[in-house]
2 protein chains.
Amino acid sequence: MKVLLSFGYAGKVYPVNPRESQILGFKTYSSVGDIPGPVDFATITVPAEGVPEIVEQCLAKGIKALQILTSGFSEISEAGRKLEERIVNTAARGMRIIGPNCFGVYSPAGGLTILPGENFPRESGPVAFIGQSGGYTNRVTQRAGAWGVRFSKVVSYGNASDVNECDLIEYMHQDPETRVIAAYLEGVKDGPRFFKLLQEVSKTKPVILWKGGLTPGGARAVHSHTGSLGGEEVIWDAVYRQSGTVRVNNLDELVDTILAFQHLPPYQGRRVSVVGGGGGVGVAAADACERARLSVPTFSSELQKKLLAMIPPVGSSARNPVDVGGPSVTPVILRAVLEAVLTEGDVDTVIVDNLQMSLADPSASARDEQSDGIVIERAEIPVDVKKKFGKPVMVVLPVEAMDADAVEAEGARRRARNYYLGEGIPVFLTLERAARALANVIGYYERRDAVSSF
Amino acid sequence: MKVLLSFGYAGKVYPVNPRESQILGFKTYSSVGDIPGPVDFATITVPAEGVPEIVEQCLAKGIKALQILTSGFSEISEAGRKLEERIVNTAARGMRIIGPNCFGVYSPAGGLTILPGENFPRESGPVAFIGQSGGYTNRVTQRAGAWGVRFSKVVSYGNASDVNECDLIEYMHQDPETRVIAAYLEGVKDGPRFFKLLQEVSKTKPVILWKGGLTPGGARAVHSHTGSLGGEEVIWDAVYRQSGTVRVNNLDELVDTILAFQHLPPYQGRRVSVVGGGGGVGVAAADACERARLSVPTFSSELQKKLLAMIPPVGSSARNPVDVGGPSVTPVILRAVLEAVLTEGDVDTVIVDNLQMSLADPSASARDEQSDGIVIERAEIPVDVKKKFGKPVMVVLPVEAMDADAVEAEGARRRARNYYLGEGIPVFLTLERAARALANVIGYYERRDAVSSF
């Protein structure tokens, strides 16, 4: 309730508690039936044994939707499973339930946050997320939120006793606010329905799915967490492939892929140029891109000649990846290189890697006075060229300074990151992660276009 | 020269420059021959065309070792290749050369740093690193150094015209200061010698090898970077397998694996327990461990019963991974759980994952007064139990707070990280990375023991 209020929920709130007369300054009611007006939505947090009775009271009150935070149902025992069955039977008489064993719904448009997320973004965005783990739903929303991702709705739905993953994905499919659907699942209630739904939704909206419990040990952990069946990896491989669902395997890849879908345009080819500073970086970048099944084509000899006239003659490379010689390239050179690559490079996406990017950088090479007298910073160049050419640009900004006392440099880099994200340029911590996220986006659209052309 | 001085080099330094009379307060000499006393080591930074003559002067002066920073040799053209040949022919008459196209040697015991590393650690340690890329050699040393890794010697050797990767690995093999050898290579000069050397060295010291350029695009980048041949992945697969070399595929995995070798004991089995807070974390942890070919065995029912008496009855798991219910578990409960796991869990390594670990944490659950009246912090518990039981403990501390203004929290976490590293507990940013590094260490010792038992 504290979180809901500090998030700024604007509707009426009725705490129900038989032992208190006031909670956080609000008059409490000793039972649901005592609440004077109509109620749209209830959150239940009493211990498991008390939940069925409260659900009955909510039904009697005419409440159409509930979420149940309480754990201790089908995920822990046969007795818990029976308790859960009673709740579902009550709900079948005229209400829908999210949970139990979940954090519930975050809906910025509705001013609603039930997850421990009083600091979640207030603005809505194009990404829906559903998660069978409350902890992960919270972490995904926190992390992606800090990287500029904005959500339409987020739902932690726990045991999926009534409203399940299919209901939620169906809803997000139709939701005009939602453009990208992401999910963390441990099990599914109805395999055939789930598979057909993924096939259908993937025709118009990408579904990014992290399936937990695909190893034997993971499957055992899934069982004790949400009482689901983990499922075998070989079956899930086929589900991904045949439905066009975007596969991710961990939290980092999930957040990276959401970010890439939010910022990158629908169709891109696999041809990438990497522009960075420092030769080993070029080798690693090419390896990382090609391992993610992107291609890093060698530039034409004309373009190479042109680039070589801009960058240092030694300790550099003009072939692609382009090595501009070092991470502190001047803005004027960086702009000339990126413009040449974007106009003549015959690539679909440019990744700017391993350059020193922070705003208001005091070092001399970080800014140039242009011919028009305006001073421009190195960090501004990727934004400038993206605007000018309309091609996708991605930036890799590693957490390079790892010392405990280097948090100032970290702050400067985070400000640069926020600036890029605000300008529609997705930012990643490593080139490997950038390449994988880009390949996930491209793979989705390639398959979608191939299927729709039948 | 500035870096060398500010690093604190204690020997004599003679700048050679025909146009200046003083550099950084030191008298300069117009040629190498003018230097009055004997010289042990020279660093050459003049443009490529001038290098052969300087090398001749060094030979005449009786200098036995050089490093050449200058680029523009065999890595860029046939003319460069011929220049390089001249240098090598001169060296054959009585000196050894590192480079050209390299940053050279960092040796804390010798007070020497030629890499751009005036802030590298002054203390020596057990890890040797050699790198064909100057940029990567610098980044590996910086990053690993920030994570508490200490080096015996680091060498960026560039084009390997004279002293090559085999010479360096042979040296590190015999160097009593070096216990772990790590390398970033783009190509090798003599395949059969390299392969036999790896087989030999791996019997007593682990060799962690990141081979750049294993994809076609990476191989092209390798060619323009150090003029090496990239080599095919299938051949390198066999080299790794048949020589017992530890394979890593990127910078993060290289640093993680160095860290794991520095802190973990020589032999461990593959059985792991993960202790964390938040159920989704347990599922992901089990998946990550098993994908890295570690095992996460389910605990005996006796141990599960014992653990269930310590942790919340719902929203938790006692099977392994252990979910203590949330990231803010109290120190007393965390200690009891870890002690039970370490004594009865029948596992080789414990990974502490997703707990709120920072020093001097102001929140109430972060500390407990023990029965002896001493106050203990949550973050101290992993150190306590590691000391008491002598079993390897690893900690996962993600960069969770990603907001630009959350650098304070980041600073607190970094201080906790340094505390763990100082106590011999390796720290990783994600569970995936911890599991992979651990598996790399275990795989090395498993193979070594299997080979030596023939």
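For every chain, the first residue of its written sequence is number 1, and the numbers climb from 1 along that sequence. Whichever chain is written first is A, and whichever ligand is written first is 1; the rest continue in order. Owing to the predicted nature of the model, reporting of local features is limited to residues with pLDDT of at least 70; listing and counting of side-chain atom pairs is limited to 80 or more, with chain, interface and lining totals taken over all residues. The basis for the side-chain values is all heavy atoms of the structure; hydrogens and waters are excluded.

The contact criterion used throughout is that any non-hydrogen atoms of two residues lie within 4.5 Å. The partner chain B presents 68 residues to the 68 residues of chain A that form the contact. A 1.4 Å probe defines the accessible area here, and the buried area is the portion of it lost by two parts on being joined, summed over both. A combined buried area of about 5000 Å² lies between chain A and chain B, and 53% of that area is made up of carbon and sulfur atoms. Any carboxyl oxygen of Asp or Glu that lies within 4 Å of a side-chain nitrogen of Lys or Arg is treated as forming a salt bridge with it. Put simply, Arg220 of chain A and Glu290 of chain B hold a salt bridge, and the shortest N to O gap is 3.9 Å. Here a polar contact is taken to be a pair of N or O atoms separated by no more than 3.5 Å, where protein atoms must pair a possible hydrogen donor with a possible acceptor and residues adjacent in sequence count only if both atoms sit in side chains. For the pair chain A and chain B, the interface holds 12 residue pairs in polar contact (both at pLDDT 80 or more).

Here we take up the sheet that holds strand β11 (residues 207-211) of chain B. Residue and element names in this part refer to chain B. Strand pairing is defined by DSSP finding a minimum of two bridges between the two strands. Note on conventions: DSSP H or I runs of at least 4 residues are helices, E runs of at least 2 residues are strands, and numbering of each starts at the N terminus. Strand order in the open sheet formed by 7 strands is β7-β6-β9-β8-β10-β11-β12, with mixed pairing between adjacent strands. Each end of this open sheet is capped by a strand with a single partner; those strands are β7 (112-113) and β12 (246-248). The pairing of strand β10 (residues 180-185) with β11 spans 5 bridges and is parallel. In the strand pairing of β11, Ala183 is matched with Leu209. Sitting on the sheet, helix α5 (residues 165-174) is in contact with β8 (127-131), β9 (151-156) and β10, with an inclination near 175° to β8. A fitted line through C-alpha atoms represents every axis, and for helices the fit uses only the stretch in contact; the resulting angles, taken between N-to-C directions, go from 0 to 180 degrees.

A few words on the sheet that holds strand β6 (residues 104-107) of chain A. All names here are of chain A. Taken in spatial order, the 7 strands line up as β7-β6-β9-β8-β10-β11-β12 in an open sheet, and their pairing is mixed. Each edge of the open sheet carries a strand with a single partner, namely β7 (112-113) and β12 (246-248). Strand direction decides the pairing type here: β6 and β7, joined by 2 bridges, are antiparallel. Bridge pairing links Ser107 to Leu112 in β7. Across the face of the sheet, helix α4 (residues 134-146) comes into contact with β6, β8 (127-131), β9 (151-156), β10 (180-185) and β11 (207-211) while running at roughly 160° to β9.

Attention now goes to the environment of Glu118 of chain B. Residues and elements named next belong to chain B. On the secondary structure map, Glu118 appears in the loop between β7 and β8. Judged by its relative accessible area of 39%, Glu118 is partly exposed. With 113 residues separating them in the primary sequence, Glu118 and Leu5 have C-alpha atoms 8.3 Å apart. One polar contact links Glu118 to Ser6, side chain to side chain, over a distance of 3.4 Å. The classification of residues rests on relative accessible area computed with a 1.4 Å probe and restricted to protein chains. Under 20% of the type maximum is buried, over 50% is exposed, and intermediate values are partly exposed.

Residue and element names in this part refer to chain A. Restricting attention to buried positions, one finds in helix α6 (residues 191-201) the residues Phe194, Leu197, Leu198 and Val201. End-on, the buried residues of α6 take up no more than an arc of 100°, which puts them together on one face. Those residues of α6 that are exposed and aimed more than 90 degrees away from the buried face are Pro192 and Lys196. Elements that come into contact with the buried residues of α6 comprise α5 (165-174), β10, β11 and α8 (233-243). For α6, the N-terminal cap is Asp190; the gap from its side-chain oxygen to the backbone nitrogen of Arg193 is 3.3 Å. Read the arc as the range of directions from the helix axis to the C-beta atoms.

Moving on: the state of the cysteines. Every disulfide links exactly two cysteines, by a covalent bond between their sulfur atoms. Note that a disulfide, as used here, is simply two cysteine sulfur atoms within 2.5 Å. According to the stated counting rule, one finds 0 disulfides over all chains in the structure shown. The thiol of Cys102 of chain A is unpaired, and the distance to the nearest cysteine sulfur, on Cys58 of chain A, comes to 14 Å.

To continue, consider the packing of α6 of chain A against α8 of chain A. Orientation of α6 of chain A relative to α8 of chain A, taken along the N-to-C sense of each, is 30°, at an axis distance of 8 Å. When α6 of chain A is examined against α8 of chain A, the residues Phe194, Phe195, Leu198 and Gln199 of chain A are found in contact with a partner set consisting of Trp236, Val239, Gln242 and Ser243 of chain A.

This part takes up the pairing of strand β15 (residues 349-353) of chain B. Strand residues, when the strand is regular, have side chains that alternate between the two faces of the sheet. All names here are of chain B. Counting buried residues along β15, 5 of its 5 residues qualify, which places the element largely inside the surrounding structure. Taking every second residue as pointing to the same face, both faces of β15 are buried, with Thr349, Ile351 and Asp353 on one and Val350 and Val352 on the other. Sheet topology note: the strand β13 (residues 272-276)/β15 ladder contains 5 bridges and is parallel. What sits directly across from Val275, in β15, is Val352. One ladder, built from 3 bridges, connects β15 with strand β18 (residues 393-396); its direction is parallel. Residue pairing across strands places Val350 opposite Val393, the latter belonging to β18.

With that settled, the discussion passes to the relation of the copies chain A and chain B. Between chain A and chain B, which share one sequence, the superposing operator has a rotation angle of 180° and an axial displacement of 0.0 Å; the RMSD is 0.0 Å. Considering both components of the superposition, the chain copies are consistent with a two-fold axis. Taken as a fraction of all interface residues of chain A, those also at the interface in chain B reach 100%, which identifies the copy contact as same-surface. When the copies are overlaid, the least-squares fit takes in C-alpha atoms only where the residue has pLDDT of at least 70 in both copies.

What follows concerns the environment of Lys388 of chain A. Residue and element names in this part refer to chain A. As for its placement among the helices and strands, Lys388 is situated in helix α13 (residues 381-389). For Lys388 and Glu339, which are 49 residues apart along the polypeptide, the C-alpha to C-alpha distance reads 9.0 Å. A distance of 3.1 Å separates the side chain of Lys388 from the side chain of Glu339, its partner in a polar contact.

Moving on to unusual backbone geometry. Of all residues except glycine, most have a negative phi; of all peptide bonds, most are trans. Geometrically, the link from Gly99 of chain A to Pro100 of chain A is a cis peptide bond, its omega value of 0° lying close to zero. Inspection of the secondary structure assignment puts Pro100 of chain A in the loop between β5 (96-98) and β6. In this structure, Arg293 of chain B is a non-glycine residue whose phi angle is positive, near 60°. Mapped onto the fold, Arg293 of chain B is located in the loop between α10 (279-291) and α11 (301-308).

Time to look at helix α3 (residues 78-91) of chain A. Residues and elements named next belong to chain A. With 14 residues, α3 extends 20 Å from end C-alpha to end C-alpha; this agrees with the ideal 20 Å at 1.5 Å per step. By the burial criterion, the buried members of α3 are Gly80, Leu83, Glu84, Ile87, Thr90 and Ala91. With its buried residues spanning 115° around the axis, α3 presents them on a single face. The inward-facing, buried residues of α3 abut α2 (51-61), β4 (65-68) and β5. In a helix, the anticipated span is given by 1.5 Å times the number of residues less one.

Quick look at the environment of Val275 of chain A now. Residues and elements named next belong to chain A. Along the chain, Val275 falls in strand β13 (residues 272-276). The exposure class of Val275 is buried, given its relative accessible area of 0%. With 76 residues separating them along the chain, Val275 and Ile351 place their C-alpha atoms 6.3 Å apart. Apart from the residues lying within four places of it in its own chain, the contact partners of Val275 are Val322, Val324, Leu334, Val337, Leu338, Val341, Val350, Ile351, Val352 and Asp353.

Attention now goes to the confidence of the model for chain A. Residue and element names in this part refer to chain A. Known as pLDDT, the predictor's confidence for each residue is given on a scale from 0 to 100. Model confidence for chain A is summarised by a mean pLDDT of 91, while 96% of its residues fall at 70 or above. Highest mean pLDDT in chain A belongs to α5 (98); lowest belongs to helix α7 (residues 216-226) (79). Quick note on the complex model: pTM equals 0.91, ipTM equals 0.86.

Residues and elements named next belong to chain B. Within the structure shown, the criterion is met by 52 salt bridges over all chains. With a shortest N-O distance of 3.5 Å, Asp346 and Arg271 are connected by a salt bridge. Here the residue Asp346 occupies a position in the loop between α12 (331-344) and β15, and Arg271 occupies one in the loop between α9 (251-263) and β13, the gap between them amounting to 75 residues. For Arg271, a relative accessible area of 33% puts it in the partly exposed group. Across the pair Lys306 and Glu344 runs a salt bridge whose closest N-O atoms are separated by 2.4 Å.

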